[in-house]
Structure formats: structure tokens, C-alpha cells
Amino acid sequence: MSIKVLLLSPYSFKKYGGVQNQVNLIEKYLMSDHKFEVKVFAYGKLDSLDSNLVFNIPFNSSISSVLLFPNRKLLLEYINWADVIHVHEPFVPLLFWRLPKSKDYIFTHHASLGMLVTKILKIIYKFKNYNSVSTYVSESAKSNALSLNGDPVLIPNMIEINKNKSFNNIEGYLFIGRQESRKNYDFYVKLSNHNLFKNKLFYSITNKDTSDKNIFTYIDPSEELKTEIFQKTNIYLALNTKSESFGITLIEAVNNGNLVICSDLKSFINVLPNSYIVYKNKDFNSLCNVLGNINSKDLSSLWDKQYRDIQIYALEENMKKFVLLYSNI
């Protein structure tokens, strides 16, 4: 008899994000395993939710598109179908969706939500007394998982490893991120206009047309086109200044043959613990120095080290942990 797993998230799947990426990967994995049936309840995954209102809420120096008040009848229909409900980023569902206490839950915490939200979560968990397991994707998200219980499970963000990938034999820089101040796109533009890098090719994947003359810009490309863009570059620049709990694009970049150079945020260093290459956060001269010096080194060898680091995020290995939870909760 199969186990029915409901993947549930408040985020809009009509916009790309790290949480959406992980839910899609888990759905794809479970669909290939005959021991499981899987459904996803989220805006953008169900046509019947299209008439529901999505709110754009400022959060963690970003704008999150979330479904605050889903169709209640439809939500309960999906919950009653499931044996296990796997909630990705539980704050909004727990506060607004009135999830029934009679089901088994797995709550996966993706973001660092701050002390106030963590306290609110702790009160909700205590008041509702859900039969649940708490997991977290990174050390930055651990405090939220701890608000549920004292023994949460670390299951990092996952990726399908390109097993035969090698370092890209083409020179180009790549930026990925929305037009938000914390993504630090201004540094990328400044870099593209710097005399030291005038012979480099610059590409960006973002959400708005910026019309920067030295940068080839792609607006919200498909996953297929995004993979093609990765093949045009060999260095991915993560220039973020704050509010990052993991950094899924770092492992995506390495997995697609790019060497990652990033700001020295703790969350980024934790992603590539044995192979990170960083510059001092918000320091443009430090970034230029790192990029200037890196050219004299063996880029392929540095990428090999980062590629070895990302093996811990392999989908197959980490999904074994979720399968165990689904089977035993």
C-alpha cells in the first residue's frame, strides 16, 4: 500500500524561488517511486487556486508572494487525502491556514526568520500540539526548527548532481538574482564597467530589464534556458549582502560547471565548507582583488574542490532521509 504525501507551501509557484525549487524536486522524486503517491497544494500548482488572492509581503529584505487564505474546502480535501503533510516554510500555514491537528506533519524550515517570528512559532507549536517532525535546510534556519522541538533533523537543500560535469572551458561571469538591494546587482554593473574586466563577458538572470550595456540580461528564463546560460560562463558571482539562509544558486552554479566566488556571508561559507572563495562583504575593492588574483590560479582545480563539496546535496542521498520520515512518522 502506497504512502500518500502532500507537499504544502504558502509561496506562489508562479515565481521562482529556492523553496519552490525544492518542492518541485521532491515531487519529481516521489512520483518516480511506486511506494508513494504525491500531491502539491500551492498557488501556481493548482488551477483551482488561481482565483485566490496572493499577497506580496516584504520579508527578509525581499518581497515574498504568499497565499494567506486558500480555499478552505479544497485545502481540507487535500489534507484528508494525505497520510503525511510535508509543509515547506510553516510560518504562514500555521498562522493563517488553521491546519487540523489530527494529521501527521513534517515542517521544513528554509529561512532565518528572526527572533520575533521564532517566538511566535514556538507559541503556535505549543498551543496546537501537532504530531510533527521538524527539519531545517541550513544552520541559519536551525533556530526556527528548534522552536518546534529540541531535536530537529538537518536535511539540506538538494540538487540532481551532474555526474559527468567538468569545469566550463569558456570565460564569462554570471549573476543570478532579483532586483533587490540585498542581491547587490549594483556591484555587478560596476564590475562590468571596470577597466580590469573589459574583456570579460557578463551575463545576468534577473526579474527586470536593466538595460546595462555591458551585460547580457535574461528575464525570468525557463529552467531549460537557465541551464543553457550556465554553459556560457565559468565564474558565478554571488554578491549578496545579507538575509541569505542557504544559497541554492551556489550549488546550481557548481553543478553546471561554474566556479563560485561569493561574499563572505556565513551561510555561503557553510554551503562550500572546504572550497569557498570569498571577498569581504560590501567591499568592491576586495571583490576586484579576488577576481584579479584568481586568474593566475588553476580554475579547474578550484572548481573540482567545489564540485566535491556539493556531493553532500545529492538528491538521492538526502531524499532517503525524507523517505524514512514519511514511512515512520
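You'll find the structure just up there.
Residues numbered from 1 in each chain as written. Predicted model: local features only at pLDDT ≥ 70, side-chain atom pairs only at ≥ 80, totals over all residues. Heavy atoms only, no water.

**Student:** Account for the sheet that holds strand E10 (residues 202-206), naming residues and giving values.
**Tutor:** Pairing is parallel across the open sheet formed by six strands, whose spatial order is E11-E10-E9-E12-E13-E14. Edge positions in the sheet fall to strand E11 (215-219) and strand E14 (278-279), since each has one partner strand and no second. In the sheet, strand E13 (residues 259-263) pairs with E14 via two bridges, with the strands oriented parallel. Its bridge partner lying in E14, Cys-262 is registered against Val-278. Strands in contact with helix H6 (residues 185-192) are strand E9 (173-176), E10, E11, strand E12 (235-238) and E14; relative to E10, the strand with the most contacts, it is inclined by about 160 degrees. (Pairing = 2+ DSSP bridges. Helix = DSSP H or I, 4+ residues; strand = E, 2+ residues; numbered from the N terminus. Contact = heavy atoms within 4.5 Å. Axes fitted to C-alpha atoms, helices over the stretch in contact; angles between N-to-C directions.)

**Student:** An account of empty space enclosed by the protein is requested, with residue identities and associated values reported.
**Tutor:** In total, this model carries one cavity of 30 Å³ or more according to the counting rule given. Approximately 40 Å³ is the volume found for the largest cavity. Around the largest cavity sit Gln-22, Ile-26, His-88, Thr-108, His-110, Val-137, Ile-155, Pro-156, Asn-157, Met-158 and Phe-322, which together line it. For the lining of the largest cavity, a count of residues per class yields six nonpolar, five polar and no charged. (1 Å grid on protein atoms, 1.4 Å probe; cavity = no way out; pocket = protein on both sides within 12 Å on 5 of 7 lines; lining within 4 Å. Points joined across faces, edges and corners; volume = space filled by probe spheres on them. Nonpolar A, V, L, I, M, F, W, Y, C, P; charged D, E, K, R; others polar.)

**Student:** Quick one: what's the story with the sheet that holds strand E5 (residues 84-88), residue by residue and with numbers?
**Tutor:** By definition, the strands of a sheet pair up through backbone hydrogen bonds, in either a parallel or an antiparallel sense. One open sheet accounts for six strands, arranged E2-E1-E5-E6-E7-E8; its pairing is parallel. Each edge of the open sheet is held by one strand with a lone partner, namely strand E2 (36-41) and strand E8 (153-154). Of the strand pairs in this sheet, E5 and strand E6 (residues 104-109) are connected by five bridges, and their pairing is parallel. Note on E6: the bridge partner recorded for Val-87 is Phe-107. Lying over the sheet, helix H1 (residues 18-31) contacts strand E1 (3-8), E2 and E5, oriented at roughly 155 degrees with respect to E2.

**Student:** Pulling in residues and values, what's your account of a nonpolar patch on the surface?
**Tutor:** On the surface, a cluster of nonpolar side chains totalling about 480 Å² of accessible area is made up of Leu-53, Phe-55, Phe-69, Leu-95 and Phe-96. Looking at where Phe-69 falls in the secondary structure, it is placed in the loop between strand E4 (62-67) and helix H2 (72-81). Residue Phe-69 is classed as exposed on the basis of its relative accessible area, which comes to 52%. (Patch = residues over 30% accessible without salt bridge, like charges linked within 9 Å, V, L, I, M, F, W, Y side chains within 5 Å. Areas by Shrake-Rupley, 256 points an atom, 1.4 Å probe, with all protein chains shown as cover. Salt bridge = Lys/Arg side-chain N within 4 Å of Asp/Glu carboxyl O. Buried < 20%, exposed > 50% of the residue type's maximum accessible area, 1.4 Å probe, protein only.)

**Student:** Run through the nonpolar core, naming residues and quoting values.
**Tutor:** Membership of the largest hydrophobic core comes to 55 residues, with the highest contact counts inside it found for Leu-6, Phe-41, Leu-99 and Tyr-326. Here this core takes six residues from helix H12 (residues 315-328), the largest share from any one element. In contact with Leu-6, other than residues within four places in its own chain, are Lys-39, Val-40, Phe-41, Tyr-78, Ile-79, Trp-81, Ala-82, Val-84, Ile-85 and His-86. If you look at the next biggest cluster of nonpolar residues, it comprises 53 residues, including Leu-191, Ile-215, Leu-272 and Leu-302. (Core = buried A, V, L, I, M, F, W, Y, C linked by side-chain atoms within 4.5 Å.)

**Student:** Before we move on, can you summarise the side chain of Thr-135 with the specific residues and values?
**Tutor:** Among the structural elements, Thr-135 can be located in strand E7 (residues 131-136). A distance of 2.7 Å separates a polar atom in the side chain of Thr-135 from a polar atom in the side chain of Thr-108. Leaving out residues up to four positions away in the same chain, Thr-135 has contacts with Ile-106, Phe-107, Thr-108, His-109, Ala-145, Val-153, Ile-155, Phe-322 and Leu-325. (Polar contact = N/O pair within 3.5 Å; in protein donor to acceptor, adjacent residues only side chain to side chain.)

**Student:** Kindly report on the packing of H6 against helix H10 (residues 284-294), identifying the contributing residues and their values.
**Tutor:** At their nearest, the axes of H6 and H10 sit 11 Å apart, and the two run at 55 degrees to each other. On the basis of the axis angle, H6 is oblique to H10. Between H6 and H10 the crossing geometry is right-handed. Contacts between H6 and H10 involve Phe-187, Lys-190 and Leu-191 on the former and, on the latter, Phe-284, Leu-287, Cys-288 and Leu-291. The residue inventory of the contact of H6 with H10, partitioned by class, reads six nonpolar, no polar and one charged. (Parallel < 35°, antiparallel > 145°, perpendicular 65-115°, else oblique. Left-handed = near helix turned anticlockwise from the far one by under 90°.)

Purely geometric stuff here, so don't read any function into it on its own.
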